[in-house]
Amino acid sequence: MGRSALVTGGNRGIGLAIARRLAAAGDAVTVTSRAGAEVPGLAVVKCDVRDPSAVDAAFAAAEARQGPVEVAVANAGITRDQLLALMSEDDFGAVLDTNLAGAYRVAKRAVRGMIRMRRGRIIFISSVVGLLGSGGQANYAASKAGLIGLARSLARELGTRNITVNVVAPGFVDTDMTTALADDKRAAILASVPLGRYASADEVAAAVAFLASGDAAYITGAVLPVDGGLGMGH
Ligand code: NDP
């Protein structure tokens with residue numbers, strides 16, 4: 001029997017690859033996006049993770065369609081890169097609100113059903129940047145580092161309820177987010193990645209599927225890098 005899964009930002013990029021992989025393994029998957037446009041083969045709910053009532057409604061829709069959510073993947077994220085001196089309150093706040101508080105809202109809503117079921121998997125999509133830091137990305141790095149503290153606290157809180165909370169920390173992945181980078185920045189990044197290439201979204205999805213699987217039942221509070229060796233040792 002497939003499980004009920006929800007992936008935020010599952011309409012494109014890494015989130016879509018995660019949703020497709022879970023669905024291919026037999027899970028019933030609902031994805032969220034801000035526009036709510038159709039995604040072939042997947043159920044879609046419109047949801048802005050900055051709005052707690054939208055997160056609540058997305059879970060309610062997923063529950064009505066496929067039962068209580070057993071696998072929740074907080075993937076939705078944005079960048080607003082800027083040097084600190086030029087960073088606005090809005091640049092900082094929007095990134096923290098989406099990437100970190102959005103994941104908090106997803107986890108908070110998800111555990112309601114998981115505690116009742118006495119099982120669940122929560123997975124946050126962080127970034128190698130949360131471990132290494134990155135000039136011009138203080139807001140993004142802070143949000144992604146924050147996910148690790150959030151996950152580890154929840155792992156401690158929820159372990160006896162048979163709910164695991166883990167983090168996947170991708171390096172550079174070929175998606176809309178990285179095609180926005182300038183060519184010289186792309187080349188500099190590639191030079192620092194031991195495997196010498198970007199990840200595919202599906203390679204990140206494979207790590208998420210593992211953490212969501214029965215094989216990862218005894219793994220909680222972990223940070224699993226999928227970064228070609230970029231963040232080694234952190
Ligand atoms: P994309 O820019 O391709 O997609 C971002 C996704 O997040 C979209 O589905 C988007 O939805 C959604 N989203 C953004 N803001 C909100 C919001 N306020 N509410 C709901 N959904 C929102 O990004 P990636 O696929 O590359 O990234 C996915 C995750 O992986 C992010 O958390 C990112 O930080 C992380 N990551 C990415 C890396 C990379 O190299 N690409 C590396 C490390 C981590 P919509 O279509 O509606 O805009």
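Residues numbered from 1 in each chain as written. Predicted model: local features only at pLDDT ≥ 70, side-chain atom pairs only at ≥ 80, totals over all residues. Heavy atoms only, no water.

Caption draft 1: Looking closely at the packing of helix 1 (residues 13-24) against helix 8 (residues 201-212). With their axes 8 Å apart at the nearest point, helix 1 and helix 8 run at an angle of 50° to one another. On the basis of their axis angle, the class for helix 1 and helix 8 is oblique. The hand of the helix 1/helix 8 crossing is right-handed. Along the contact surface, helix 1 presents Gly13, Ile14, Ala17, Ile18, Arg21 and Leu22, while helix 8 presents Ala201, Asp202, Val204, Ala205, Ala206, Val208, Ala209 and Ala212. Residues belonging to the contact of helix 1 with helix 8 are distributed by class as follows: eleven nonpolar, one polar and two charged. (Axes fitted to C-alpha atoms, helices over the stretch in contact; angles between N-to-C directions. Helix = DSSP H or I, 4+ residues; strand = E, 2+ residues; numbered from the N terminus. Parallel < 35°, antiparallel > 145°, perpendicular 65-115°, else oblique. Left-handed = near helix turned anticlockwise from the far one by under 90°. Contact = heavy atoms within 4.5 Å. Nonpolar A, V, L, I, M, F, W, Y, C, P; charged D, E, K, R; others polar.)

Caption draft 2: Representation of the nonpolar core within the structure. Of all hydrophobic cores here, the largest spans 31 residues; its most connected members are Phe59, Ala72, Met114, Ile122, Phe124, Leu154 and Val165. When residues of this core are traced back to their parent elements, those giving at least two are helix 2 (52-66), strand 4 (71-74), helix 3 (89-117), strand 5 (120-125), helix 5 (138-158) and strand 6 (163-170). Counting 29 residues, the second largest nonpolar core, distinct from the first, contains Leu16, Ala19, Leu22 and Leu42. (Core = buried A, V, L, I, M, F, W, Y, C linked by side-chain atoms within 4.5 Å. Buried < 20%, exposed > 50% of the residue type's maximum accessible area, 1.4 Å probe, protein only.)

Caption draft 3: Spotlight on the pattern of salt bridges. Applying the stated criterion to the full structure yields 13 salt bridges. Close ionic contact of arginine 119 with glutamate 70 constitutes a salt bridge, the shortest N to O distance being 2.9 Å. Of this pair, arginine 119 sits in the loop between helix 3 and strand 5 while glutamate 70 is found in the loop between helix 2 and strand 4, placing the two residues 49 residues apart along the sequence. According to the relative accessible area criterion, glutamate 70 is buried, its value standing at 15%. The salt bridge involving glutamate 203 is made with arginine 197; its shortest N-O contact spans 2.9 Å. Classification of glutamate 203 by relative accessible area gives partly exposed; the value is 33%. Among the ionic contacts, a cluster of salt bridges with common partners joins Asp56, Glu63, Arg109 and Arg112. (Salt bridge = Lys/Arg side-chain N within 4 Å of Asp/Glu carboxyl O.)

Caption draft 4: Broad picture of the sheet that holds strand 1 (residues 4-8). Ordered by their spatial adjacency, seven strands build an open sheet running 3-2-1-4-5-6-7, and the pairing between neighbours is parallel. Each having just a single partner strand, strand 3 (43-46) and strand 7 (223-226) make up the two edges of the open sheet. Pairs of neighbouring strands in the sheet enclose a mean axial angle of 20°, with direction left out of account. In this structure, strand 1 lies alongside strand 4, joined through three bridges in parallel fashion. Paired with leucine 6 across the strands is alanine 72, a residue of strand 4. Most of the contacts of helix 3 go to strand 5, to which it runs at about 170°, and overall it touches strand 1, strand 4, strand 5 and strand 6. (Pairing = 2+ DSSP bridges.)

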